[in-house]
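Architecture and fold: a report
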Amino acid sequence: MFSALVKKEFLLVLRDKHALMALFIMPAIFILIMSVAMRDVFSQESVSFKIAIENHDKSPTAKKLMYNLFKDKNFINTPKEDADILLILPKDYVKANKKIEIDIKNSLKIEEIDLLKAKLLKHVLTLKLDVIQEKLSDFSDEAAAAVRSVALDEDKLLQIKYNEQEKIPNSTQQSVPTWIVFGMFFIIIPMSTIYIHEREQNTLSRLFSMNVPASLLVFSKIVPYLLIAQLQMVCMVLVGIYLVPIFNTPALEINGTLSALFFISFALSLSAIGFSSLIAVSAKTTEQATTIGGISNILLGAIGGVMVPKFIMPQFMQTLANISPMSWGLDGFLKIFLQSASVANIISESLMLITFGIVTLLISVVILKIKANNGL
Amino acid sequence: MIQVHDVHKSYGDVKALDGLSFHVQKGSIFGLLGANGAGKSTILSILNGLSTYENGYIEIANLDLKTHQRDIRKISSLVPQNLAFYERLSVRENLDFFSKVQKTNKEQYQKAIEVNNLENFLDKRAAFLSGGQKRRLNIAIGLLNNPKIIYFDEPTVGVDPKSRSEILESIKSYKDFGITVLYTSHQLDEVSMLCDEVAIIDFGKCAIQTKITPKTNLKKYFWEQTNV
């Protein structure tokens, strides 16, 4: 009986083109769009300022500063009329130790101005060190060499680790887990459509009259949707690895173990199935189920860090995020993609998801039994 | 075969069944006539264990419905008014599914196909069947468990005259297999043509139960006994 119910559910979902689009095409498109759109946010080489330089100091040092600035990929040499920033080196800038004048043409954010200042300072200080070194060399080669050894190159002075790794997370690593999580909860659409259609057409009544227990009806939906969810996860990962790079965006890198990836995916899908099942058995019409399902998915996503990353939320919102199963799933996936996590590292998130799934499934069985006793 | 005695059922303040009583002979085709809201669907629902009742007594095949619901379900079958199958599955896939759910045998499976003339549409998606073919599939599913009792809830709604006549003929043939049929309908001519006996339900009560003979004027009974 169980295998027949599972096979039926499988066939029904696989023949529902709209549901398949919602489950596979929609998150794949989101991954593509968001990875490409967020590419520059996560790129190290992204910050660049369009600058023009007005040099009134004809000294070799000033010329060298100009040369160094244009060599830096953070600065793009632009005609004065198109530049965002105009740098003015006044007459006797080096000799009289004058300030560089910075004329900001277009609006820049405070953090961009800070970044501009930091990047400029690096070049100015390097130049000043060169001058000091040159002067010192007349007196002491040793002192000059000591000054020369002072490097202002960031890579030589600073070692940055992102989540204990030297690699920066790329936009694809951020967007793939987000849309896997969001996409999985969209099984509410096929599940509720099939369930409510069964109820409206009296197929459920017929099955009950054939002694099919409510628990079996609910649990038989787990197997097909679990498999579909794993397929969904694999497809989204493949989109991240193979499709996204076609659009000049970094490919997805999985730093954690594959067993961890499948374990969190299993736990997340169980929780999505339980939640969808609960809405499907509670709703009266397909419209009600898809509306409630859609809204609750968006709310859980917004709270859980799908729409807005948790790390930029205020503290109380980050605490609130913990009530959303999407947040548990997202944390688990991010640990795997960014932190080389194994099953042991994602066990707490997985257990919470599995518990949520089991509890919601059991509540669904109770609701279905009550409805069955009351003539659906 | 079926004894319904003084059964009461309410939905809040609304009395759906108000002391309904009737009895159905084994192997007969029994018609339940009544206007909308008379209580036909409620009693069908109760007889199939899909709804409870407050007072009264129901015995089916000498078994008390309240205590032997599972056993009674095994020997009975419901053919709902709606097309209670899966339109995205083919005829064969639907029959396979309902057959496996009830663990029925191949012989019965074949019989359900033959009696309902479904041989030529087995691989057709149910959604693409004609109205009459859909009705026949709906009925075939009801035959899969080799039932001793079949409950038909207005099985000819929305069916063209040719298919209607085919359906009624196939239901008539169930008598040859010793199946007891309980048939609800609005259609007086259908019940007159098909049934051996009829009960007219009005406001949750049995207004009259009578055998149908060539002389029975069902129309007269219906207008006299109901408040329609």
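Residues numbered from 1 in each chain as written. Chains lettered and ligands numbered in written order. Predicted model: local features only at pLDDT ≥ 70, side-chain atom pairs only at ≥ 80, totals over all residues. Heavy atoms only, no water.

1. Some thoughts on the overall build of chain B
For clarity, the threshold we go by: What counts as a helix is a DSSP run of H or I of at least four residues, what counts as a strand is a run of E of at least two, and both are numbered from the N terminus. For this measure, only C-alpha atoms enter the radius of gyration; the expected value for a globule follows 2.2 Å times N^0.38, where N is the number of residues. Burial classes follow relative accessibility: with a 1.4 Å probe on protein chains only, a residue under 20% of its type's maximum area counts as buried, one over 50% as exposed, and anything between as partly exposed. Throughout, a contact is declared for two residues whenever any of their heavy atoms are within 4.5 Å.
Each helix and strand counted, chain B has eight helices and 10 strands in total. Taking 17 Å as the expected radius of gyration for a compact globule of 228 residues, we find that chain B reaches 17 Å, a close match to that expectation. Expressed as lengths along the three principal axes of its C-alpha atoms, the size of chain B is roughly 45 × 40 × 35 Å. Residues counted as buried form 54% of the 228 residues belonging to chain B. Within chain B, contacts between residues at least 6 apart in sequence are counted, and of these 66% link residues at least 24 apart.

2. So, the sheet that holds strand β10 (residues 205-211) of chain B
Residues and elements named next belong to chain B. As a reminder of what qualifies: Pairing between two strands requires that DSSP report at least two bridges joining them. To obtain each axis, a line is fitted to C-alpha atoms, and for helices this fit is confined to the stretch in contact; angles are then taken between N-to-C directions over 0 to 180 degrees.
Strand order in this open sheet of six strands is β6-β7-β8-β3-β9-β10, and the pairing throughout is mixed. Unpaired on one side and paired on the other, β6 (76-79) and β10 mark the two borders of the sheet. The average undirected angle you get between the axes of adjacent strands in this sheet is 15 degrees. The pairing of strand β3 (residues 29-34) with strand β8 (residues 180-185) spans five bridges and is classified as parallel.

3. Topic: the interface of chain B and chain A
A common way to express how large an interface is: the accessible area buried when the components associate. The condition that has to hold: What counts as buried area is the accessible surface, traced by a 1.4 Å probe, that two parts surrender upon association, with contributions from both included. Salt bridge, as applied in this entry: a Lys or Arg side-chain nitrogen positioned within 4 Å of an Asp or Glu carboxyl oxygen. For this analysis, a polar contact is any N or O atom pair within 3.5 Å, provided that within protein one partner can donate a hydrogen and the other can accept it, and provided that sequence-adjacent residues contribute only side-chain to side-chain pairs. When residues are grouped by polarity, Ala, Val, Leu, Ile, Met, Phe, Trp, Tyr, Cys and Pro land in nonpolar, Asp, Glu, Lys and Arg in charged, and all others, Gly among them, in polar.
With 28 residues of chain B in contact, the opposing surface of chain A contributes 26 residues. For the pair chain B and chain A, the summed buried area comes to about 2,600 Å², and 55% of that belongs to carbon and sulfur atoms. Contact with chain A buries surface across chain B, with B:Leu50, B:Tyr86 and B:Arg88 losing the most and accounting together for 27% of the total. One salt bridge in this structure joins A:Asp16 and B:Arg88, with 3.6 Å as the shortest N-O distance. Remark: the boundary between chain B and chain A carries 12 residue pairs in polar contact (both at pLDDT 80 or more). Those elements that place two or more of their residues in the side of chain B that touches chain A are α2 (69-75), β6, α3 (91-102) and α5 (131-143) of chain B. Looking at which element gives the most residues to the side of chain B that touches chain A, the answer is α3(B), with six residues. Of the residues belonging to the side of chain B that touches chain A, the class tally is 13 nonpolar, eight polar and seven charged.

4. A short note on helix α15 (residues 325-339) of chain A
Residues and elements named next belong to chain A. Using the following cut-off: Every helix has an expected span of 1.5 Å times one less than the residues it contains.
Given a rise of 1.5 Å per residue, 15 residues ought to cover 21 Å, and the 20 Å separating the end C-alpha atoms of α15 matches this to within 8%. For α15, the buried fraction is high: 12 of the 15 residues fall into the buried class. For α15, the full list of buried residues reads Pro325, Met326, Ser327, Trp328, Gly329, Leu330, Gly332, Phe333, Leu334, Ile336, Phe337 and Leu338. Among the structural elements, α7 (171-184), α11 (222-243), α12 (258-282), α13 (286-303), α14 (315-321) and α16 (347-373) are those in contact with the buried residues of α15. Positive backbone phi, approximately 55 degrees, marks Ser340, located one or two places after α15.

5. Section: the packing of aromatic side chains
The cut-off we apply is this: Classification of ring pairs rests on two measures: the distance between centres of Phe, Tyr or Trp rings, Trp counted by its six-membered ring, which must be within 6.5 Å, and the angle between planes, read as stacked under 30 degrees, edge-to-face over 60 and tilted in between. Any Lys NZ or Arg CZ that is within 6 Å of a ring centre and within 35 degrees of that ring's normal is treated as a charge sitting over the ring.
On inspection of all chains with the given rule, the structure shows 14 aromatic pairs over all chains. Plain terms: the ring middles of A:Phe182 and A:Phe186 are 5.3 Å apart, the flat faces sit at 70 degrees to each other, and that makes the pair edge-to-face. Take A:Phe182: its relative accessible area is 5%, and that puts it in the buried class. On the basis of relative accessibility, which here comes to 14%, the residue A:Phe186 falls in the buried class. Both rings, one in A:Trp328 and one in A:Phe356, keep their centres 6.1 Å apart while their planes meet at 85 degrees; by these two values the pair is edge-to-face. Note that A:Trp328 is positioned in helix α15 and A:Phe356 in helix α16, a separation of 28 residues in sequence. Here A:Phe356 falls in the partly exposed class, since its relative accessible area comes to 21%. Each member of the aromatic cluster is reached from another via a ring pair, and the members are A:Phe30, A:Trp179, A:Phe182 and A:Phe186. Over the ring of B:Phe98 we find A:Arg206, and its NZ or CZ is 5.9 Å from the ring centre. Sitting over the ring of B:Tyr53, B:Lys66 keeps its end group 4.3 Å from the ring centre.

6. Here's the deal with the side chain of B:Lys40
All names here are of chain B. Here Lys40 shows up in helix α1 (residues 40-47). The exposure class assigned to Lys40 is buried, which follows from its relative accessible area of 5%. One polar contact links the side chain of Lys40 to the main-chain carbonyl oxygen of Ala35, over a distance of 3.3 Å. Contacts of Lys40, omitting those with residues within four sequence positions, involve Leu32, Leu33, Gly34, Ala35, Glu154, Thr184, Ser185 and His186.

7. Thoughts on the pattern of salt bridges
Counted under the stated rule, the structure contains 20 salt bridges over all chains. One salt bridge in this structure joins B:Glu190 and B:Arg164, with 2.8 Å as the shortest N-O distance. Of this pair, B:Glu190 sits in helix α7 (residues 188-194) while B:Arg164 is found in helix α6 (residues 161-173), placing the two residues 26 residues apart along the sequence. Accessibility expressed as a relative area gives 1% for B:Glu190, which makes it buried. According to the relative accessible area criterion, B:Arg164 is partly exposed, its value standing at 22%. Through salt bridges with shared partners, one network takes in A:Lys8, A:Glu9, A:Glu198 and A:Lys221.

8. Regarding the pairing of β3(B)
All names here are of chain B. Burial runs high along β3: six of the six residues are buried. Sheet topology places β3 next to strand β9 (residues 197-202); five bridges connect them, and they run parallel. Note on β9: the bridge partner recorded for Gly31 is Val198.

9. Regarding the confidence of the model for chain A
Stated formally: Every residue is assigned a pLDDT by the predictor, reflecting its confidence on a scale from 0 to 100.
This prediction gives chain A a mean pLDDT of 86; 94% of its residues lie at or above 70. Per-residue pLDDT, averaged within each element of chain A, yields its smallest value for helix α6 (residues 154-157) of chain A (70) and its largest for α12(A) (94).

10. Focus on unusual backbone geometry
One non-glycine residue, A:Asn202, lies in the positive phi region at around 65 degrees. Within the secondary structure, A:Asn202 is located in the loop between α8 (188-200) and α9 (203-209). For B:Asn62, which is not glycine, the phi torsion reads 65 degrees and is therefore positive. Assignment of secondary structure puts B:Asn62 in the loop between β4 (55-60) and β5 (63-64).

11. Overview of the domain arrangement of chain A
Our working definition: Note: domain ranges come from an automatic or database domain assignment.
Along its sequence, chain A is organised into domain 1 (2-42 + 168-373) and domain 2 (49-165). Each of domain 1 of chain A and domain 2 of chain A was reduced to a C-alpha centroid, and the two centroids are 51 Å apart.

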